[in-house]
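Chain and residue survey
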Amino acid sequence: MGLFGGTQVITILCSLIRSKLVALWIGPAGFGLLSIYLSVLELLGQISSLGIRSSAVRDVAANAANPDYVARIARIVGRWGIVLALAGFLLTAILSPALSIFSFGNTGYILSFILLGVGVAMNVLTGTRLAVLQGLSRLKNLSRATIGGAVAGLLLVIPTYYYFRLDSILPSVIVYSAAALAAAQIFRERVTDKSPISASETLNVGRKFLTLGFFITISDILNQLAVYIFVSWMNINAGEAIVGLYQAGNTLFNRYVGLVFTAIAMEYYPRLTAVVTSRQRVSTFVSHEIKISLCLLTPIIAIFIATAPVIVNILYTSRFTPIIPFVSIAITGTTLRAISWCMAMVILARGDGRRFMITEGFSAVIVIIFNILGYKYFGLFGLGISYILWYLAYTTIVYLIYRYVYHLTIARGIYKLAAGSILILSVSVIATLLSGFYLIPAIIAAITIICATFILRRA
């Protein structure tokens, strides 16, 4: 947790510095151009990779006890990485005219998007290298590769921003991807097995993790589509300013608190995959992971609720104060997110891609309905409530699958722990909202942390 929590903090810090320098030295035009390129890079990279990182992690972790077979899987993943990287480049090149017209209203950026395809290809290759490290639980090398790529990329692009200004945006994106790939290559798992691997074996083994990866990719696209549909609806019915407030609030409790989920997943997912054939061990691991997540998140969220006005003013400006009730309420739903997330990982660990896709599809439909109704009747405040209701529904769906399809259990103490966590955070929200945010945040934070610590330690 400490290892990858720190890793995520450093990578986000590098990203913030990068954005700040672009805004400072190049201005809004550079910032907008960078945002467009990064959005296209992320979307096409996600489509091109076909979820190979998540699915390959599962295959590697499931066979970790057999080094010879893992070595062959690693080589096969590498081969498929090259194929998917080339496919990503070709996809970007084919779509470049449409991307240029859609993004800029003309065909003047076709060559730029073709070059961006190089970055897409490198990101796919980076994912395959990191997948093997994660699957084998080479956590230190995985952390070093992630941090090394982010820091090296930042150091390399700083001079280009300063000297070449607007012309440096596209090269900087490609250089950043190249730095990430170089770091992943340096810290990659060394494979000593040199025995021949036939094309049919590459195809047969690859088909397994690509099938799962396909369902993961579709699930991600459905979630992104749900966000796009709601934001578009809000833009038409409420205007760009409200959309900006929603996105700012959403970033606070998803991106920054999400550090905890990302950090835990790096070790939890491969460990869960390795024991997925044992119901007792899976049940134990899931219960432990829920407990760890709640123990970490409850004090963090309590402090966040108490100091929400301060955090908003530091990260944004006083013009964003309308999001304070929204984020204060919504962030309490993160406890439900932690519970459902720990159980949902079992679906992926079992390689049940179709069920995972259907579950995420239901989730996407639910969030659209709840968000539209929440905003329509209660404004931004209603979006906080809809976030909680969304994860309450999602947690129920995942639990039914976990309990009655896979016949797994959760330790009794976890129910008490979850109830205590939700109670603490609910009292924190109510007290803070009723005070009108005029109570000293430190007092509320101290009370909630003392209560949280007492209950969590006895769970």
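Structural notes, computed from the coordinates. Keep in mind that what you see is a predicted model, and the values were worked out from it rather than measured.

Criteria and thresholds
- Residues numbered from 1 in each chain as written.
- Predicted model: local features only at pLDDT ≥ 70, side-chain atom pairs only at ≥ 80, totals over all residues.
- Heavy atoms only, no water.
- Phe/Tyr/Trp six-rings, centres within 6.5 Å; stacked < 30°, edge-to-face > 60°.
- Helix = DSSP H or I, 4+ residues; strand = E, 2+ residues; numbered from the N terminus.
- Buried < 20%, exposed > 50% of the residue type's maximum accessible area, 1.4 Å probe, protein only.
- Lys NZ or Arg CZ within 6 Å of the ring centre and 35° of its normal.
- Polar contact = N/O pair within 3.5 Å; in protein donor to acceptor, adjacent residues only side chain to side chain.
- Contact = heavy atoms within 4.5 Å.
- Salt bridge = Lys/Arg side-chain N within 4 Å of Asp/Glu carboxyl O.
- Patch = residues over 30% accessible without salt bridge, like charges linked within 9 Å, V, L, I, M, F, W, Y side chains within 5 Å.
- Areas by Shrake-Rupley, 256 points an atom, 1.4 Å probe, with all protein chains shown as cover.
- Axes fitted to C-alpha atoms, helices over the stretch in contact; angles between N-to-C directions.
- Parallel < 35°, antiparallel > 145°, perpendicular 65-115°, else oblique.
- Left-handed = near helix turned anticlockwise from the far one by under 90°.
- Nonpolar A, V, L, I, M, F, W, Y, C, P; charged D, E, K, R; others polar.

Quick word on the packing of aromatic side chains
- Summed over the entire model, instances satisfying the criterion amount to 13 aromatic pairs.
- With a centroid separation of 5.2 Å and 75° between ring planes, the pair formed by Phe-230 and Tyr-246 is classed as edge-to-face. Highlighted residues: Phe-230 in helix 8 (residues 199–238) and Tyr-246 in helix 9 (residues 240–256), separated in sequence by 16 residues.
- Owing to a relative accessible area of 2%, Phe-230 belongs among the buried residues under this scheme.
- Here the aromatic cluster, defined as three or more aromatic residues joined through ring pairs, consists of Phe-230, Trp-233, Tyr-246, Phe-326 and Tyr-375.
- Taking NZ or CZ as reference, Arg-271 lies 4.8 Å from the ring centre of Phe-285, over its face.
- The ring centre of Tyr-404 lies 5.7 Å from the NZ or CZ of Arg-403, which sits over that ring.

Some points on the side chain of Thr-92
- Its location among the elements puts Thr-92 in helix 4 (residues 67–104).
- Polar contacts involving the side chain of Thr-92 include one to the main-chain carbonyl oxygen of Gly-88, which spans 2.7 Å.
- The contacts of Thr-92, once residues within four sequence positions are left out, are Leu-44, Leu-99, Phe-113, Leu-116, Gly-117 and Val-120.

Quick look at the pattern of salt bridges
- This structure, assessed with the given rule, holds two salt bridges.
- Its salt-bridge partner being Arg-355, residue Asp-352 comes within 2.3 Å of it at the nearest N-O pair.
- Assessed through its relative accessible area of 30%, Arg-355 is described here as partly exposed.

Things to note about the side chain of Ser-340
- Within the fold, Ser-340 resides in helix 14 (residues 334–349).
- Ser-340 has contacts with Tyr-391, Tyr-394, Thr-395 and Val-398, leaving out every residue within four places of it along the chain.

What about the environment of Ile-369?
- Residue placement: Ile-369 occurs in helix 15 (residues 353–405).
- Through-space distance from the C-alpha of Ile-369 to that of Ser-386 is 9.0 Å; in sequence the pair is 17 residues apart.

Focus on a nonpolar patch on the surface
- Taken together, Val-365, Ile-369, Leu-373, Tyr-377, Phe-378, Phe-381, Ile-385, Leu-389 and Leu-392 make up a surface patch of nonpolar side chains, about 850 Å² in accessible area.
- Mapped onto the secondary structure, Phe-381 falls in helix 15.
- Judged by relative accessible area, Phe-381 falls into the partly exposed class, the value being 36%.

So, the packing of helix 5 (residues 110–135) against helix 6 (residues 139–164)
- Close contact between helix 5 and helix 6 brings their axes to 8 Å; oriented N to C, the two are set at 150°. Regarding the angle of helix 5 to helix 6, the classification is roughly antiparallel. In the packing of helix 5 onto helix 6, the handedness of the crossing is left-handed. From helix 5, Leu-130, Leu-133 and Gln-134 reach across to helix 6, where they touch Asn-141, Leu-142 and Ala-145.
- Considering only residue class, the contact of helix 5 with helix 6 consists of four nonpolar, two polar and no charged.

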